[in-house]
Amino acid sequence: MILLDNVTITRGHTRVASQLRLEIGPGEAVAMIGRSAAGKTALVETIAGLLAPQSGRVELAAAAGQEALRVGYAPADSAAWPVMRADEFLEMAGLAAGLVGKSLRLAVARGLGFADCDLLRDRRLDSLSDGQRKRLLVAATLLHDPDLLVWDDPMRGLDIAGRTDVEQVVADLTLAGGSVVAALNDAQIGPCWTRVLLLVDGSILDTGNRHQQTTDGWPVWSLEPLAAWRRAIAQG
């Protein structure tokens, strides 16, 4: 579904990732971790098609019988739309995804419900809590039943209930054969993720799912670089 072949990414005159090779198939949920400025956001934006690579090839392939892959992308924050109302934000996302009429209205209603903003539809985004804005960002990616979700820092600002809801979205989509790629900026990696990529100085260390051990049905990530990342987070 996703292929990166010898991809190099730059921002301005700065190279943030070099000669990346990555393949993500149907049913995979990939969490990308790494220190600040490791290249996570740039890689997410490249996969989502927002940032063109300096060199190399990026392919997003639809499943057999599909005309095109449906992609849902969420940036790390909603700072670009501070004065939009919650319902307007979802309507904008739905229209961009090709929804109109009744389909759009139903999708917006579902999105407001997911974001727990049914009674806050008239509120501006900058008046909502961090968690409410994050749930709206995630909800906006789900309106058109995507095959691939690409998220930047989807857990930031969420309480336990919010994290659980987002992890359930990941589990449901991968069970249905879709894929998820997300940059995570904390050390909590839930059981919904099937692979972990550790980004170090613009390169990928791919743990693969072979490092996911199961204890009583609960996955435990045991790779030493992941443990080192968690220690670095704890030390600030």
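Above this text you will find the structure in question.
Note that the structure is predicted; figures quoted are calculated from it, not measured.

Student: What exactly am I supposed to notice about the packing of aromatic side chains here?
Tutor: Each aromatic ring pair is described using two quantities: the centre-to-centre distance and the angle formed by the ring planes. Summed over the entire model, instances satisfying the criterion amount to one aromatic pair. Across the ring face of Phe-114, the terminal group of Arg-135 is positioned such that the distance to the ring centre comes to 5.4 Å.

Student: Can you help me understand the pairing of strand E7 (residues 179-183) in this one?
Tutor: Looking down a regular strand, the side chains alternate between one sheet face and the other. For E7, a buried count of five out of five residues is recorded, marking the element as mostly surrounded by other parts of the structure. Bridge analysis of strand E3 (residues 29-33) against E7 gives four bridges, and the strand direction is parallel. Residue pairing across strands places Val-30 opposite Val-181, the latter belonging to E7. When strand E6 (residues 148-152) meets E7, the two strands line up parallel, connected through five bridges.

Student: For this particular structure, what's the right way to read the packing of helix H3 (residues 101-114) against helix H4 (residues 130-142)?
Tutor: What describes two packed helices is the angle between their axes and the distance between those same axes. Remark: H3 packs on H4, axes separated minimally by 9 Å, with the N-to-C direction vectors making an angle of 145 degrees. H3 and H4 meet at a crossing whose hand is right-handed. Every residue of H4 that contacts H3 at Gly-111, Leu-112 and Phe-114 is listed here: Arg-135, Leu-136, Val-138, Ala-139 and Leu-142. By residue class, the composition of the contact of H3 with H4 is six nonpolar, one polar and one charged.

Student: What am I meant to see in unusual backbone geometry here?
Tutor: Glycine aside, the phi torsion of most residues is negative, and most peptide linkages are trans. Residues other than glycine seldom take positive phi values, yet Asp-145 does so here, at roughly 50 degrees. Within the secondary structure, Asp-145 sits in the loop between H4 and E6. Its relative accessible area of 53% is what places Asp-145 among the exposed residues. Positive phi, normally seen in glycine, also occurs at Asp-201, with a value near 50 degrees. Along the chain, Asp-201 falls in the loop between strand E8 (195-200) and strand E9 (203-206). Given the relative accessible area of 76%, Asp-201 is considered exposed.

Parameters at a glance
Residues numbered from 1 in each chain as written. Predicted model: local features only at pLDDT ≥ 70, side-chain atom pairs only at ≥ 80, totals over all residues. Heavy atoms only, no water. Phe/Tyr/Trp six-rings, centres within 6.5 Å; stacked < 30°, edge-to-face > 60°. Lys NZ or Arg CZ within 6 Å of the ring centre and 35° of its normal. Buried < 20%, exposed > 50% of the residue type's maximum accessible area, 1.4 Å probe, protein only. Helix = DSSP H or I, 4+ residues; strand = E, 2+ residues; numbered from the N terminus. Pairing = 2+ DSSP bridges. Axes fitted to C-alpha atoms, helices over the stretch in contact; angles between N-to-C directions. Left-handed = near helix turned anticlockwise from the far one by under 90°. Contact = heavy atoms within 4.5 Å. Nonpolar A, V, L, I, M, F, W, Y, C, P; charged D, E, K, R; others polar.

Just geometry here; none of it tells us what the structure is for.
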